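# Observations on the model geometry
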Amino acid sequence: MVKYSIAIAGMLSLLSACKPPQKSASSLDFDPYHYTVNKKLEAENGAVVSAHPLASKAGVSILKSGGNAVDAAIATQLALAVVYPNAGNLGGGGFMVARLSNGETVSLDYREMAPGSAHRDMYLDAAGNADLEKSQLGHLSSGVPGTVAGLFASHQYAKLPFEKLIQPAIELAEKGFIISASEARSLNSLQADLKKYNSEMPVFVKTIPWKAGDTLVQKDLASTLRRIQKKGAAGFYEGETAKLIVEEMKRGKGIISLDDLKNYKAIYRTPHSFDYKGYKIVGMPMPSSGGLLVNQMMKMIEDKNIAAMGFHSVQAIQLMTEVERRAFADRAEYMGDADYYKVPVKMLSNEVYLQTRMKNYDPAKATPSSIIKPGELLRAESEETTHLSVIDKEGNAVAVTTTLNNSYGSRTVVGGAGFFMNDEMDDFSIKPGVPNMYGAVGGEANAIKAGKRMLSSMTPTLVLKDGKPYIVVGTPGGTTIPTQVFQTLVNLLEFNMSTEDAVYKPKFHHQWLPDEVMIEKGFPVAVKEAMQKMGYSFSRERGGIGRTECIRVLPNGKFEAVADNRGDDAAEGY
Ligand code: GLY
């Protein structure tokens, strides 16, 4: 097995002119000023894979001190809110899918919610045109955050006190941590937006550019975390933090009120599960389209012997592209928050229906999206997000995908509270047919309504084998999320690839509209050329699609944890 790590500490001390602070008395069992990034490891007791090495370390530290996978997932998410402000969050939302040691599977919805005074046309100007700046940036783009409620709701399955789980995040915010070259680049690219969408300049604004090795200290965020430590969810949804959020909203014409915050609830929902060739695949139900889309795509290939076509063969990629196209056409028409719109989930996952969807599939040529409409129902009846996968030796497996929507969300930091607010309102269909930031279109099913949750693509997923955890997987990437999870599952379950290859090999994406195949660097040129001859259009090649974090249980019972090599993502375990 290949195991490699990047020594950040040495690299950073060379790159950095400023010395990392001396390590003072700390309860952390890792050093936020000198750390390594492990991309792959095998562990016997438990493992965490997340977008940031310090967050993965915080999670494993909790496992080592007696916590289970749920404890570790909570601590990892809180640490990500500090060390990965692009998408780790307090001001956003997310989903958790878990298999508990008692065999039960659960899914938790802590998606953001439209504020009480939100309405269908709130992003249309006087001429009826969609104003994408308002839905994607600044105060009005934020939905009511769900993350803190979700963390406390999931805590019922944890073993350690919440006060302990939040402690690493508090220390990382209070005393700071060393940032990497890519984090410095990311913060530098944000400066103009930060100045435009904030009335009080947050700590991320800097007169001289950020560089690798700088220390990021977030005192306001530390105070917010301490209020949560002391008062629980009320430390966020009520009192000082709520007041700071509402004052921030008022300064920037946002509409989240004290009542919106106080009334927010995380909701346990029945997971979206289906069988695939002897495996049970467990995913998130509405308001995420992820579980249903993966179900549709897997079932549309099930009878096609894709394994015989071979990985990255023209036949396999063409088939998967057509399957992705059809699933996303259904997403645009039928999917939204099922508490507000009757989503025909049973019909959309019906095997006869899915076979009918493939009737006009032609293995020799592209089926243009103009002739693929959302399916005729039978009469009988997310880009920046972050994912973490956690497993423990007790039989708990947790997949969490959480988001601010765009990288750094609305770009607005709550003055005095130190965290970014989401811009999740853009995940609603702000006007029928108008693409959101991911190019996805929608209509009535996903129209804005007060209290409704916007349709998501987040796809935290578990695969169970003989009822026990086998794969824990997920990724960020907006609408590319379900197709990346789909491809990772096909790589593992059909092409029998190693976990590393299944995650690292170049991927692709089709979402019905726009009618083009998106590919990433390294996608085979010969396949692209062959598919162009069959009538497919390709968008410009992207640097990377998704950042998949995957844990697989090996035949010897050990956990194989692989962090995506498309970012600073890291695997930890023991
Ligand atoms: N904001 C990305 C998603 O929820 O799909």
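Use the structure listed above.
A few words on the overall build of the protein chain. Per the secondary structure count, the protein chain includes 20 helices and 20 strands. A globule of 574 residues ought to have a C-alpha radius of gyration of about 25 Å, and the protein chain, at 22 Å, matches this closely. When the backbone C-alpha atoms are referred to their principal axes, the protein chain occupies close to 65 × 60 × 45 Å. The proportion of buried residues among the 574 residues of the protein chain is 64%. As displayed, the protein chain has an accessible area near 20,200 Å², and 52% of this comes from carbon and sulfur atoms. Counting 64 positive and 63 negative side-chain charges, the protein chain places the averaged centre of each group 1 Å from the other.

This next bit is on the site of the ligand. With respect to spatial proximity, ten residues lie near the ligand, and among them Asn405, Glu424, Asp427, Ser456 and Ser457 are the closest. Within the side chain of Asn405, a nitrogen or oxygen atom sits 2.6 Å from a nitrogen atom of the ligand. A distance of 2.7 Å separates an oxygen atom of the ligand from a polar side-chain atom of Ser456. The fraction of the free accessible surface of the ligand (200 Å²) that becomes covered by protein chains is 99%. When its residues are assigned to classes, the shell around the ligand shows one nonpolar, six polar and three charged.

Here the focus is the pairing of strand 6 (residues 105-110). Judged by how many residues are buried, strand 6 sits mostly within the fold: six of six residues are covered. In strand 6, alternate side chains face the same way, and those of Thr105, Ser107 and Asp109 on one face and Val106, Leu108 and Tyr110 on the other are all buried. Between strand 5 (residues 93-99) and strand 6, which follow one another and run antiparallel, lie five residues, and Gly103 among them has a positive phi close to 95°. In this structure, strand 6 lies alongside strand 9 (residues 267-269), joined through three bridges in antiparallel fashion. Residue pairing across strands places Asp109 opposite Ile267, the latter belonging to strand 9.

Here the focus is helix 15 (residues 314-334). An ideal rise of 1.5 Å per residue puts 30 Å on 21 residues; helix 15 measures up with 30 Å between its terminal C-alpha atoms. For helix 15, the tally of buried residues reaches 18 of 21 residues, placing the bulk of the element in the interior.

Using the criterion set out here, one finds eleven aromatic pairs in the structure. Taken together, a centroid distance of 3.8 Å and an interplanar angle of 20° make the contact between Phe152 and Phe162 stacked. Here Phe152 is found in helix 5 (residues 147-154), whereas its partner Phe162 is found in helix 6 (residues 162-175), with ten residues between them in sequence. Given the relative accessible area of 23%, Phe152 is considered partly exposed. Every member of this aromatic cluster is reached through a ring pair, and the members are Phe236, Tyr237, Tyr264 and Phe419. In this structure, Lys206 is placed above the aromatic ring of Trp210, and the distance from its NZ or CZ to the ring centre is 5.0 Å. A cation over an aromatic ring shows up here: Lys465 above the ring of Tyr470, its NZ or CZ 4.4 Å from the ring centre.

As a further point, take the sheet that holds strand 14 (residues 461-465). Strand order in the open sheet formed by seven strands is 3-19-18-15-14-11-10, and the pairing between neighbours is antiparallel. Strands at the two margins of the open sheet, each flanked by one partner only, are strand 3 (40-43) and strand 10 (272-276). The sheet shows a mean angle of 20° between the axes of neighbouring strands, direction not considered. Bridge count between strand 3 and strand 19 (residues 559-562): four bridges; the pairing is antiparallel. Residue pairing in the sheet places Leu41 in a bridge with Ala561 of strand 19.

Next up on the list: the sheet that holds strand 6. Spatial strand order, 9-6-5-13-12-4-20: seven strands in an open sheet with antiparallel pairing. Two strands close off the open sheet at either side, each with one partner strand: strand 9 and strand 20 (570-573). Each adjacent strand pair in this sheet contributes to an overall mean axis angle of 15°, direction not counted. Here strand 4 (residues 46-50) runs beside strand 12 (residues 384-392); their pairing, made up of four bridges, is antiparallel. The residue of strand 12 that forms the bridge with Val49 is Ser389. Running over the sheet, helix 2 (residues 53-64) touches strand 4, strand 12 and strand 20 and is turned about 160° from strand 4.

All right, on to the environment of Phe152 then. As a C-alpha pair, Phe152 and Gly232 span 80 residues in sequence and 7.7 Å in three-dimensional space. Beyond its immediate sequence surroundings of up to four residues, Phe152 is in contact with Phe162, Ile228, Gly232 and Ala233.

Packed helices, taken two at a time, are described by the angle between their axes plus the distance between the axes. Running from N to C, helix 15 and helix 20 (residues 525-533) cross one another at 60°; their axes reach a closest spacing of 10 Å. In terms of their interaxial angle, helix 15 and helix 20 are classed as oblique. Relative to helix 20, the crossing made by helix 15 is right-handed. Where helix 15 abuts helix 20, its residues Val314, Ile317, Gln318 and Thr321 lie against Val527, Ala530 and Met531. Broken down by class, the residue content of the contact of helix 15 with helix 20 amounts to five nonpolar, two polar and no charged.

Rules behind the numbers
Residues numbered from 1 in each chain as written. Predicted model: local features only at pLDDT ≥ 70, side-chain atom pairs only at ≥ 80, totals over all residues. Heavy atoms only, no water. Helix = DSSP H or I, 4+ residues; strand = E, 2+ residues; numbered from the N terminus. Rg over C-alpha atoms; globule rule 2.2 N^0.38 Å. Buried < 20%, exposed > 50% of the residue type's maximum accessible area, 1.4 Å probe, protein only. Areas by Shrake-Rupley, 256 points an atom, 1.4 Å probe, with all protein chains shown as cover. Lys, Arg positive; Asp, Glu negative; His and termini not counted. Charge placed at Lys NZ, Arg CZ, Asp CG, Glu CD. Near = heavy atom within 4 Å. Polar contact = N/O pair within 3.5 Å; in protein donor to acceptor, adjacent residues only side chain to side chain. Nonpolar A, V, L, I, M, F, W, Y, C, P; charged D, E, K, R; others polar. Pairing = 2+ DSSP bridges. Expected span 1.5 Å × (residues − 1). Phe/Tyr/Trp six-rings, centres within 6.5 Å; stacked < 30°, edge-to-face > 60°. Lys NZ or Arg CZ within 6 Å of the ring centre and 35° of its normal. Axes fitted to C-alpha atoms, helices over the stretch in contact; angles between N-to-C directions. Contact = heavy atoms within 4.5 Å. Parallel < 35°, antiparallel > 145°, perpendicular 65-115°, else oblique. Left-handed = near helix turned anticlockwise from the far one by under 90°.

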